[in-house]
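Residue-level structural notes
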Amino acid sequence: MGLLSVAIWLPVAVGALLLAAGRDEHANAVRWAALLGALAAFLVTIPLATGFDTSTAAMQFVENLPWIERFKVRYHLGVDGISVWFVLLTAFITVIVVIAGWEVVTDRVNQYMGAFLILSGLMIGVFSALDGLLFYVFFEATLIPMYIIIGIWGGPRRVYAAFKFFLYTLAGSLLMLVALAYLYVKSGGSFDIQAWHKLPLPLSAQTLLFFAFFAAFSVKVPMWPVHTWLPDAHVEAPTGGSVVLAAIMLKLGAYGFLRFSMPIAPDASREWAWFIIALSLVAVIYIGLVALVQQDMKKLVAYSSIAHMGFVTLGFFIFNELGVSGGLVQMISHGFVSGAMFLCIGVLYDRVHSREIASYGGVVNTMPKFTAFAVFFAMANCGLPATAGFVGEWMVILGTVQVNFWLGALAATALVFGAAYTLWMVKRVYFGEVANDDVRTLQDLNAREFLMLALLAVAVLAMGVYPKPFTDVMHVSVTELLRHVAASKLP
Amino acid sequence: MNWPVVLPEIVLLVMACVIAVVDLWVRDPARRPTFWLTQLTIAAVAALHLLHADSGAVQSAFGGMVVGDPLGHVLAFFACLAMMVAVAYAQPYLASREMLKGEFFTLALFALLGILVMCSAHHFLVLYLGLELMSLSLYALTALRRDHATSTEAAMKYFVLGALASGFLLYGLSMLYGATGTLEIPAVLERIAAGQAAREALVLGSVFVVAGLAFKLGAVPFHMWVPDVYQGAPTAVTLMIGGAPKLAAFAITMRLLVEGMAPLAVDWQQMLIVLAVGSLAVGNLAAIAQTNLKRMLAYSTIAQMGFLLLGLAVGVVGGKSDAAANAYSSAMFYIVTYVLTTLGTFGLIMFLARDGFESEEITDLAGLARRRPWLAGVMTVFMFSLAGIPPMVGFFAKLAILQALISTGTTGHIVLAVVAVLFSLVGAFYYLRVVKVMYFDEPQQSAPISQSPRLGGLLALNGAAVLVLGPLSGGLLEWCRSAIVAVLGA
C-alpha cells in the first residue's frame, strides 16, 4: 500500500470506526481518537512533500491497480506539483477542524468527528485520483458527509442549506459524469486521465466537454452566477463545516479546471477563456461589492471567498505561468486564511451566539489576544504583503497585466474592495467602544483556541514571507501544463 | 428427456407441497419449523441453480420448452436469494400481526416456482404458465390482510389490472404465433430472421407483448397499480412483490424481446425508449409529492424501471448488435442490484414497524439517527444507492447503463443519457428527504424499536452489500456479462 492510499484510507477507517463504535457517553475518548487519527493522517502526508522530486512534471507516488474490469477503471493514484500541496492542506485543515470542534460539539460527537475524517480522506482522494471514474467517485462521495454535517450541526435554516448544497453540486457533476462516459468511449475504453490529455478531439466535442466540466467545477468553485448556494451553506454550516468548505471543498472545483478542462479540451479552453475571465472579473468586482453590504460576518467571509476564488479562475485562464502558479498559491493561502476567518467567527459565535456584525463592537477591550489573531487574518484576507494572501493575488495581477493591462487593472480593484469590506468589518466588530454586555463579559482565548489559531497564523506568515517551497514544487508541473495547453489537440 | 435441467423446480414443487402438509401440525405461532424448512428448501434450490450457472452449459429439456442457460440460472439464483431474504424479513412482522399462516409459505414457494419457470421458459406457453403461477400467488398474498380495506382494494386492483396485462401479453403472443406458426422462442426467432412472417402482424404483436411486459415491470403508462399495491399490501408482501418478481419480469423480457424478436429490435426499442422516458418523468416527479414512504418507494421503483429500460433499448444500433452484450448485461446488473436495495428498504420499514404502528409515513423515520444510528446509517446507504450517489452500488448500475447509452455514439442516445441524468437529479431530492428526516429532525416516536439481532444482522449485511458491492462490482458485472453472452451466442 502506497503513501497516498494510506493518506486516503487511514482517516476514512478511523472515521468509520468512530461512527461504528463511538457513543456520546465517552465523548472524550472519541475526541482523542479523532485527533490522533487526524494527526496520524497528517504525518503520513508529510513525506509526500519532503520526498517530492521538483525536477519532473511526471506523476509521483503512483499506485496503479486494476479495479473494475468491465469499465476498465483502475485504482490509479498519483500527485504532481499541482496537487501535492492540496493533499497536505486537506490533512492539516482536518487536524484544525477536529481541534475546533473539541468542546463546541457535544451532541453526537462520534458522528461529527467521523464525518470530518471520512470527508478528509475522500477529498485527498479527489486530489490524487488519476482515473476519471475514481475522481468522480471521490468527488461525489464528499457530498454525503458534508450534507450530514450541515444538516445536523448547522444553524436554523440548515435543512434548506444542506439540500441546496447537495442538489446544486449534484446537478453540475452529473453533467460531468456524461462527459466522462463520453471520453471513455472516445478514448477506446479508458478512464485514464493522462490518456485523455493526449486524446485528439474536434472543436465541437471539446466545446461540449468544456461546458460539461464547467457545469461541475463552476458550481463547486463557485463562480458567479452559480454561487448562490455558498453563502447559504456557509452561514448555516457549523464552524468546522464552513472551514472545510472554504478551505478545501471550493478548491476541488478549481483543481478540476486544471486537471480536466484545460488539458482535455485545450482548444475549447482557449476559445472560451474570455468567458471564464469575464465571469471571474464579475466575481471579483461585483461579489466584492456584495460583500461590502453584508450584516452577517459569515456571509461576508463567504462572499469574500467567492471573490478570492474569482482570482484563482482568472489566473488559470490567462494561460501564463505567473497566472496559473498565482492561482494555485492563492488557493492554498485562501485555504489557510478563509479557514482562519471562519474559526475566528466561530470563536465569537461560541460565546455570544450571534454572527451579526451589529451584535459586536470593541471586542479588543475584552479579548486582546484573540483580536490580534483576528486582525492578522483580516490583513491576510486583504492581501497585505508578507502574508499568504499577498503572494497569490500579486502573481495573478502581474500575470494578467502581462496579457492585458486593463484586465489587470480591473482585477487589482479587488484589492481595494477586499480591504474595504474586511477592514470595515474589523473596525465595527473589534474596535471602538464596548458595545454591549455580551461583549463586556467575553472571555479571551483558551489554550485550545489559541493553539488552532496560532498554527494557522504560522502557516499564513510562513507562506507570505517565504513562498518559494510552494512555487518551486509547482513550477515544473505548471510549465508542462501550459506547454500542453498551448498545443492544439484538434485531429 | 433431460431431467437435471428442471431438477431445482421439481425439488421446489415437491417441497412446497410437503411444507403445506407439514404446516398442519405446526402449533408454534411463529411457525418456526415451517419457516426453517422453507428457508432450507429455497437455499437448496438456490444452490442447485448456482451449480448450474457455474457450469456455464446451455441445455434444454421437454423438447425445447425449457432451457437451462446461465441467464436463467443466474436470475433464478438471485430470485431465490431475494425470496429467502423476503421471507426472513417477513416472518416476525407477520407473526406479530397474526397473519402468519401456513399459506404464506406455500404461496411464497409457489410464487417462486412461477418465477423460476419464467426464468427458464423457452416456449410461449411455459412462459405464460410461469407468469400466471407467480401472479396468482402474489394476488392472494396481497390480500393476506383480509379484514383490511386498503389491502383488499390493492389486491383487487392488482388482480384486475394484472389479468388485463396477462391478456395483453397473451394476445400479443398469439399474434406472433399466427405470424410464425410456432410457440418455441428460438423457432420464432428463426422464422422472423428468415423473413417468412408477415411484418404487420409481428409488429402489432410486439406492441401487445411490450405492453404486457411494461405492466409487469411497472413502467409508465402501465404503472397505475404499483403505488396502490405497494402501499396497500402488507409490507412483507410489498417486499416480496418488489423483489424476485422484478427479476422474473426481466427474464421474460429478455426471452421474448431479445431471444424471440431480436430482428424486430428497431421497433420495440423505440417503444422501450418512450416507456423509459415516461417512467423516469412520472416516477421521479410523482415521488416528490408523496408522504407515505411505501408509496414514495413505489414511484421510485417506476423511475428505476425507466432507467433499466434504457439499458434494454440500446442493444441494437443501426442494425448491428455489437453493443448488445454490454447493454443487456448493464440492465441485468441494474435489476439485480436494484432488487438488493429494495429488499433492504422494505426490510427496514418492517423492522421499525410494531403492532399497531406500521412506520409507513416518511415522518415516522424522524430522528432515527438519534434513536438507532446503525439503522439510520443502513437506510442512508440504501437511499444514496437508489439516488445513484457513489460509492454505493446504485451509482455503478446507473453508470453501466449510461455507458451503454453513450457507447452507441449516436446523438439521440447521448441526449437520452442527459435526460436520464437530469431526472436522477430530481430523484435525488426525495431520497435526500428521507435522510433529512432521519438525521436532521427530532424523534417523534418514543416506543422501543425491535431488538431482533437476527433481523438487525440481516439488515446490516444487506446494507454492507449495497455499500461494498459498489466499489467491488467487477465480479458481478462480469457474471452478468457472461450470462448475457451465452444467451446472445446461442
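Everything numeric here is computed off the predicted structure, so don't read it as measured data.

1. Description of the overall build of chain B
Across its full length, chain B carries 20 helices and two strands. Its C-alpha radius of gyration of 21 Å places chain B within 12% of the 23 Å reference for a compact globule of 490 residues. Of all 490 residues assigned to chain B, the portion counted as buried reaches 62%. The contacts of chain B with a sequence gap of at least 6 include a subset with a gap of at least 24, amounting to 79%.

2. Some words on the overall build of chain A
Of regular secondary structure, chain A possesses 22 helices and two strands. Scaling as 2.2 N^0.38, a compact globule of 491 residues should have a C-alpha radius of gyration of about 23 Å, and chain A matches this with 21 Å. Each of the three principal axes of chain A carries a C-alpha extent, and together these read 70 × 55 × 40 Å. Across the 491 residues that make up chain A, the buried fraction comes to 62%.

3. Considering the pairing of strand β1 (residues 60-68) of chain A
Residues and elements named next belong to chain A. Relative to strand β2 (residues 73-79), β1 runs antiparallel, the two sharing six bridges. Residue pairing for β2: L65 is matched across the bridge by Y75. Between β1 and β2, which pair antiparallel one after the other, the connecting turn spans four residues, and K72 there sits at a positive phi close to 55 degrees.

4. Here's the deal with the interface of chain B and chain A
The interface is formed by 25 residues belonging to chain B together with 27 residues belonging to chain A. For the side of chain B that touches chain A, the elements supplying multiple residues, two or more each, are α17 (393-407), α18 (411-440) and α20 (474-489) of chain B. Here the side of chain B that touches chain A gets eleven residues from one element, more than from any other, and that element is α18 of chain B. For the side of chain B that touches chain A, the per-class residue count stands at 16 nonpolar, six polar and three charged.

5. Quick word on helix α18 (residues 388-403) of chain A
Residue and element names in this part refer to chain A. A rise of 1.5 Å per residue sets the reference length of α18, with its 16 residues, at 22 Å; its end C-alpha atoms lie 24 Å apart and thus fit the reference within 8%. For α18, the set of buried residues is A388, G389, F390, V391, G392, E393, M395, V396, I397, G399 and T400. On its buried face, α18 sits against α14 (297-316), α15 (321-352), α17 (368-382), α19 (405-430) and α21 (447-465).

6. Description of the packing of helix α11 (residues 239-264) of chain A against α14 of chain A
Residues and elements named next belong to chain A. Running from amino to carboxyl end, α11 crosses α14 at an angle of 20 degrees, the nearest separation of the two axes being 11 Å. If you check the angle between α11 and α14, you find them roughly parallel. Both α11 and α14 take part in a crossing whose hand is right-handed. Across the interface between the two elements, S242, A246, L250, A254, F257, L258 and M262 from α11 touch K298, S305, M309, V312, T313 and F316 from α14.

7. With respect to the nonpolar core
All names here are of chain B. One finds A79, L112 and L247 to be the most contacted residues of the largest nonpolar core, which totals 416 residues. Sorting elements by how many residues they give to this core places helix α14 (residues 324-352) first, with 20 residues. In contact with A79, not counting residues within four places along its chain, are L112, I115, L116, C119, A244, L247 and A248.

8. Examining the confidence of the model for chain A
As a note on interpretation, predicted positions should not be read in detail where pLDDT is low. Looking at chain A, the pLDDT average stands at 87 and 100% of residues meet or exceed 70. By mean pLDDT, the top-scoring element of chain A is helix α5 (residues 132-141) of chain A (91), and the lowest-scoring one is helix α20 (residues 437-440) of chain A (78).

9. Considering the environment of R158 of chain A
Within the secondary structure, R158 of chain A sits in helix α7 (residues 158-186). Each C-alpha atom, one on R158 of chain A and one on G121 of chain A, is 24 Å from the other, the two residues being 37 residues apart in sequence. For R158 of chain A, the contacting residues outside a window of four places in its chain are I150, G151 and E236 of chain A together with F440 of chain B.

10. What to know about helix α4 (residues 109-128) of chain A
The end-to-end C-alpha distance of α4 of chain A is 29 Å, a good match for the 28 Å that 20 residues give at a rise of 1.5 Å each. Judged by how many residues are buried, α4 of chain A sits mostly within the fold: 20 of 20 residues are covered.

11. Remarks on the packing of helix α6 (residues 149-180) of chain B against helix α8 (residues 199-217) of chain B
Relative orientation and spacing of two packed helices are given, respectively, by the angle between their axes and the distance between those axes. Residues and elements named next belong to chain B. The contact between α6 and α8 brings their axes to 7 Å, and the two run at 155 degrees. If you check the angle between α6 and α8, you find them roughly antiparallel. Classified by chirality, the crossing of α8 by α6 is left-handed. Across the interface between the two elements, A165, S166, F168, L169, Y171, G172, L173, M175, L176, G178 and A179 from α6 touch A201, L202, L204, G205, S206, V207, F208, V209, A211, G212, F215 and K216 from α8. Of the residues that constitute the contact of α6 with α8, the class distribution is 16 nonpolar, six polar and one charged.

12. Description of unusual backbone geometry
Where the residue is not glycine, phi is negative for most of them; where a peptide bond is considered, it is trans in most cases. Residue and element names in this part refer to chain A. That bond from V221 to P222 is cis: its omega, -15 degrees, falls within 30 degrees of zero. In this fold, P222 is placed in the loop between α9 (203-220) and α10 (229-236). You will see that R108, though not glycine, has its phi angle at about 50 degrees, which is positive. On the basis of neighbour counts, which here come to 22 C-beta atoms within 10 Å, the residue R108 falls in the buried class. With phi around 60 degrees, H353 is a residue other than glycine that occupies positive phi space. Note on placement: H353 falls in the loop between α15 and α16 (363-366).

13. Examining the environment of V485 of chain A
Residues and elements named next belong to chain A. Its place among the elements puts V485 in helix α22 (residues 468-486). Taking the number of C-beta atoms within 10 Å as the measure of exposure, V485 has 23 and is therefore buried. C-alpha separation for the pair V485 and G2, spaced 483 residues apart in sequence, amounts to 30 Å. In contact with V485, other than residues within four places in its own chain, are M262, P263, P266, S269 and F319.

Quick notes on the rules
- Residues numbered from 1 in each chain as written.
- Chains lettered and ligands numbered in written order.
- Predicted model: local features only at pLDDT ≥ 70, side-chain atom pairs only at ≥ 80, totals over all residues.
- Helix = DSSP H or I, 4+ residues; strand = E, 2+ residues; numbered from the N terminus.
- Rg over C-alpha atoms; globule rule 2.2 N^0.38 Å.
- Buried ≥ 20, exposed ≤ 12 C-beta atoms within 10 Å, placed from the backbone.
- Contact = placed C-beta atoms within 7 Å.
- Pairing = 2+ DSSP bridges.
- Nonpolar A, V, L, I, M, F, W, Y, C, P; charged D, E, K, R; others polar.
- Expected span 1.5 Å × (residues − 1).
- Axes fitted to C-alpha atoms, helices over the stretch in contact; angles between N-to-C directions.
- Parallel < 35°, antiparallel > 145°, perpendicular 65-115°, else oblique.
- Left-handed = near helix turned anticlockwise from the far one by under 90°.
- Core = buried A, V, L, I, M, F, W, Y, C linked by C-beta atoms within 7 Å.
- pLDDT = per-residue confidence, 0-100.

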